[in-house]
Amino acid sequence: MHSELPAVPGTTPMPEHRVAISERGSFCHASCVCGWFSPARRSRDLARREAADHLAENHDPA
Ligand SMILES: [Zn+2]
C-alpha cells in the first residue's frame, strides 16, 4: 500500500527562494533551494550578484 501526504488547502505550492554561496577552490557559485544555480565564478562578488539577481527576478515578476 502507498500513502500520499494530504494537500493542505490555502497554501502556495511555490518553493521559496533561498540562495547560498558555495566556494570550491578559487571558484564560487550561487545555488538556490528552488534548483537554480549560477555558473562557477572566480569572483565571489559576481556570484553574490547573480544570486541577488535571481532573488530580484522572482520577487518582482515582470
Ligand atoms: Zn530560486
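Residues numbered from 1 in each chain as written. Predicted model: local features only at pLDDT ≥ 70, side-chain atom pairs only at ≥ 80, totals over all residues. Heavy atoms only, no water.

Next up on the list: the overall build of the chain. Along its length, the chain carries 1 helix and 2 strands. What you see in the chain, going N to C, is helices and strands ordered as β-β-α. Counting across all 62 residues of the chain, residues that qualify as buried make up 13%. Pairs at least 24 residues apart make up 15% of the contacts formed inside the chain by residues separated by at least 6 positions. When the accessible surface of the chain is split by element, carbon and sulfur atoms take 54% of a total near 5500 Å². (Helix = DSSP H or I, 4+ residues; strand = E, 2+ residues; numbered from the N terminus. Buried < 20%, exposed > 50% of the residue type's maximum accessible area, 1.4 Å probe, protein only. Contact = heavy atoms within 4.5 Å. Areas by Shrake-Rupley, 256 points an atom, 1.4 Å probe, with all protein chains shown as cover.)

Relative to strand β2 (residues 27-32), strand β1 (residues 19-24) runs antiparallel, the two sharing 6 bridges. Along β2, the bridge assignment pairs Ala 20 with Ser 31. Counting the residues that bridge the hairpin from β1 to β2 gives 2 residues, and of these Gly 25 lies at a positive phi of roughly 65°. (Pairing = 2+ DSSP bridges.)

Moving on to the pattern of salt bridges. As enumerated under the stated definition, the model contains 3 salt bridges in all. Two residues, Arg 18 and Glu 16, come together in a salt bridge whose shortest N-O distance is 2.9 Å. As far as burial versus exposure is concerned, Arg 18 and Glu 16 are alike and both exposed. The salt bridge involving Glu 50 is made with Arg 41; its shortest N-O contact spans 2.6 Å. Assessed through its relative accessible area of 18%, Glu 50 is described here as buried. (Salt bridge = Lys/Arg side-chain N within 4 Å of Asp/Glu carboxyl O.)

This next bit is on the coordination of the zinc ion. Six octahedral donors around a metal ideally make angles of 90 or 180 degrees; four tetrahedral donors ideally make 109.5 degrees. In the first shell of the zinc ion, the protein supplies His 17 (ND1), Cys 32 (SG), Cys 34 (SG) and His 54 (NE2), at 1.8 to 2.4 Å from the metal. Sequence spacing of the donors to the zinc ion: H-x14-C-x1-C-x19-H. Within this pair, whereas Cys 34 is found in the loop between β2 and α1 (44-59), its partner His 54 is found in helix α1, the two being separated by 20 residues in sequence. (Donors = N, O, S within 2.8 Å, 3.2 Å for Na, K, Ca; no water.)

Keep in mind these values describe shape, not function.
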